[in-house]
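Residue strings, one per chain:
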Amino acid sequence: MIEASDARRAALHDALARVAARDRAALREVYAMTSAKLHGICLRICIDRGAAEDVLQNVYLKVWQRAGSFDPGKASAIAWMCAIARNAAIDWRRSQRYDDPLPSDLADTLADSTADPSADLEQAGERARIFACLDELEPVRASAIRAGFYQGLSYPEIAEAMDKPVGTVKSWIRRGLMQLKECLTREH
Amino acid sequence: MSTDPVTDRETLAAELAMGLLEGQDRASALRLMLADADFARTVETWRARLAPLYDAYPDVTAPEGLLRQIDALIDAEAEPVSTVAPMQRRARPSIWKITTFGASAVAAALTLALVLPRNTPVPQTATSPDVAVAQLSGPIDGLLLTARYASETAEMLVRVEGMPVTDTEPELWIVPADGQPRRLGRLLRGGVTRIAVPEGHRQFIDPASQLILTMEPKVLPDPNRPSAPTVAQGRLQRI
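Quick caveat, the model's predicted, so the values are computed rather than measured.

Student: Could you give an account of the environment of Leu180(A), naming the residues involved and the relevant values?
Tutor: Residue and element names in this part refer to chain A. Its place among the elements puts Leu180 in helix H9 (residues 166-185). Judged by its relative accessible area of 1%, Leu180 is buried. In sequence terms Leu180 and Phe131 are 49 residues apart; their C-alpha atoms lie 9.8 Å from each other.

In structure tokens form, the structure reads like this:
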């Protein structure tokens, strides 16, 4: 399993390097390996299917344009691409100013805590650790952090979704993030 | 007791990495990233820390045909400026539904084409050995530089987009295979800057070289080397 995961990471890394050299066939390989994941991100944050598709197209244009600046010393290829997708989807979402900040209810976000991450592109141990650390947090703090991360919600949007004052939500998230850091840097 | 603890830099870095900040708060955090290398590193650390969370996004198969549309977007990027705009409207009508995003998407798609002067003939295929381009980006979301060098004129045209307001000035350098940065010049904070590449530096215009951007004090401490960390980078590509 781990070997297969490592092979996939290496294949994606190699394909991205060829994209940087303007290899269009390599972009197709990258697309085949990553489009389901990036589409999942865009859809979760944009909610609107058509918008998610438009954002996703633009994400691959950015990947094409920016592959030369990918630094494997800072992030894995899939994490670099996921970040581009998430940022693009958040930018779109913020430009729309939804009246209803959370069309799908918070239960969907909470469900993320039990989701079985299907992708095996990241290392299993590293992945398990941050999920375990999130589970250590007080449930409201973890929920607020998940809503911010997975749905790309801002503080006021999370506050509205959780029906709490913005200050309370800020406090939950800030303290939760510092606890998360403490947990992740703790000796095991 | 306040429920809103004092925002220290660590917290601010985490909030920026999470994408929680908006408007002025986000702009000032991005400025801090440009001005303070320690803060930029803290943001990067937080991004790396949170990255495993991406695994929990569910995979959703992308619609059929999307790859063809992406190909069309990339093709449009390479079209000459006089014909790109109308082609964009025909080829991607749905993108115009989303006004704000559409504008930025098309701006991104046209970036390469737009740095070209309108009256300059544009090579459309990857056959000309005399033109090199680079896209520079980095940890500042939205900051994108596009550079195009033509050996015929020995000029580099550099378009800057998404540069936050800072006390420092954007400075462009070329880093050849020897790893030693050479100064190309100061950039305008937006729009296109035209740089006459010094004769001694022209030999470095090749795919082994990177362009990097640093944010320097108004008076450059040393014109022979950057004094600030790299905030955007990209490799030169011949087209």
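Student: Outline the pairing of strand S3 (residues 155-161) of chain B, supporting the account with residue identities and numerical values.
Tutor: Residues and elements named next belong to chain B. Of all 7 residues in S3, 5 are buried, a share of seventy percent or more. Both strand S2 (residues 144-150) and S3 contribute to a ladder of 7 bridges, which runs antiparallel. If you follow Leu144 over to S3, its bridge partner there is Glu161. The antiparallel hairpin formed by S2 and S3 contains 4 residues in its connecting segment, where Ala154 sits at a positive phi of about 55 degrees. Direction of pairing for S3 relative to strand S6 (residues 191-196): antiparallel, over a ladder of 6 bridges. Within the sheet, the bridge partner assigned to Glu155 lies in S6 and is Ala196.

Student: Any chance you could break down the interface of chain A and chain B for me, citing the residues and the numbers?
Tutor: Taken together, the contact pairs 77 residues of chain A with 62 residues of chain B. Note on chain A versus chain B: buried area summed over both sides is about 6300 Å², and carbon and sulfur give 59% of it. Here chain A and chain B share 7 salt bridges between them. Along the contact surface separating chain A from chain B lie 22 residue pairs in polar contact (both at pLDDT 80 or more). At the level of elements, helix H2 (24-46), helix H3 (49-66), helix H4 (77-96), helix H6 (124-136), helix H7 (139-150), helix H8 (155-162) and H9 of chain A are the ones that each hand at least two residues to the side of chain A that touches chain B. For the side of chain A that touches chain B, a count of residues per class yields 36 nonpolar, 19 polar and 22 charged.

Student: A description of the packing of aromatic side chains should follow, citing residues and the corresponding values.
Tutor: All chains considered together, the criterion is met by 7 aromatic pairs over all chains. Relative to Tyr57(B), the ring of Phe149(A) lies with its centre 6.3 Å away and its plane at 40 degrees, an arrangement referred to as tilted. With Phe149(A) in helix H7 and Tyr57(B) in the loop between helix H3 (37-50) and helix H4 (66-77), the pair connects residues from two separate chains. Each member of the pair, Phe149(A) together with Tyr57(B), is buried. A ring pair is formed by Tyr54(B) and Tyr57(B), whose centres lie 6.5 Å apart and whose planes are at 20 degrees; its orientation type is stacked. Residue classification places Tyr54(B) among the buried residues on the basis of a relative accessible area of 8%.

Student: A description of the sheet that holds S3(B) should follow, citing residues and the corresponding values.
Tutor: Read from one edge to the other, the open sheet built from 5 strands follows the order S6-S3-S2-S1-S9 (chain B), with strand pairing classed as antiparallel. What marks the edges here is a single partner per strand, and that holds for S6 and strand S9 (237-238) of chain B.

Student: Describe the nonpolar core, naming the residues involved and giving the relevant values.
Tutor: Counting residues in hydrophobic clusters, the biggest one holds 116 residues, and the most contacted among them are Met156(B) and Leu211(B). Other than its neighbours up to four places away in sequence, Met156(B) contacts Ala147(B), Arg148(B), Tyr149(B), Leu172(B), Leu184(B), Thr193(B), Arg194(B), Ile195(B), Val197(B), Ile205(B) and Leu211(B).

Student: Describe the confidence of the model for chain A, listing the residues and the values that go with them.
Tutor: Residues and elements named next belong to chain A. Residues at a pLDDT of 70 or more form 80% of chain A, whose mean pLDDT is 84. When mean pLDDT is taken per element in chain A, H2 scores highest with 96 and helix H5 (residues 106-111) scores lowest with 38. Counting contacts from residues 99-122, a segment whose pLDDT is below 50, to residues more than four positions away or on other chains yields 50 contacts.

Student: Explain the state of the cysteines to me, using residue names and the numbers behind them.
Tutor: Residue and element names in this part refer to chain A. Within this structure, the stated rule accounts for 1 disulfide over all chains. In this model Cys42 remains outside any disulfide bridge; the closest cysteine sulfur is found in Cys46, 5.7 Å from its own. This cysteine, Cys82, is not joined by any disulfide, and Cys42 carries the nearest cysteine sulfur, 9.7 Å off.

Student: Please set out the pattern of salt bridges residue by residue, giving values where relevant.
Tutor: If you walk through the whole model with that rule in mind, you get 26 salt bridges over all chains. Taking the shortest distance from any N to any O, the salt bridge between Glu29(A) and Arg18(A) comes out at 2.9 Å. Of this pair, Glu29(A) sits in helix H2 while Arg18(A) is found in helix H1 (residues 2-20), placing the two residues 11 residues apart along the sequence. On the accessibility criterion, Glu29(A) (34% relative accessible area) is partly exposed. In this structure, Arg94(A) and Glu22(B) form a salt bridge, with 3.7 Å as the shortest nitrogen-oxygen distance. Separated into two different chains, Arg94(A) in helix H4 and Glu22(B) in the loop between helix H1 (9-18) and helix H2 (23-35) make up a pair that spans both. Through salt bridges that share partners, Asp14(A), Arg18(A), Asp23(A) and Glu29(A) make up one connected network.

Calculation rules
Residues numbered from 1 in each chain as written. Chains lettered and ligands numbered in written order. Predicted model: local features only at pLDDT ≥ 70, side-chain atom pairs only at ≥ 80, totals over all residues. Heavy atoms only, no water. Helix = DSSP H or I, 4+ residues; strand = E, 2+ residues; numbered from the N terminus. Buried < 20%, exposed > 50% of the residue type's maximum accessible area, 1.4 Å probe, protein only. Pairing = 2+ DSSP bridges. Contact = heavy atoms within 4.5 Å. Buried area = accessible area lost by both parts, 1.4 Å probe. Salt bridge = Lys/Arg side-chain N within 4 Å of Asp/Glu carboxyl O. Polar contact = N/O pair within 3.5 Å; in protein donor to acceptor, adjacent residues only side chain to side chain. Nonpolar A, V, L, I, M, F, W, Y, C, P; charged D, E, K, R; others polar. Phe/Tyr/Trp six-rings, centres within 6.5 Å; stacked < 30°, edge-to-face > 60°. Core = buried A, V, L, I, M, F, W, Y, C linked by side-chain atoms within 4.5 Å. pLDDT = per-residue confidence, 0-100. Disulfide = S-S within 2.5 Å.

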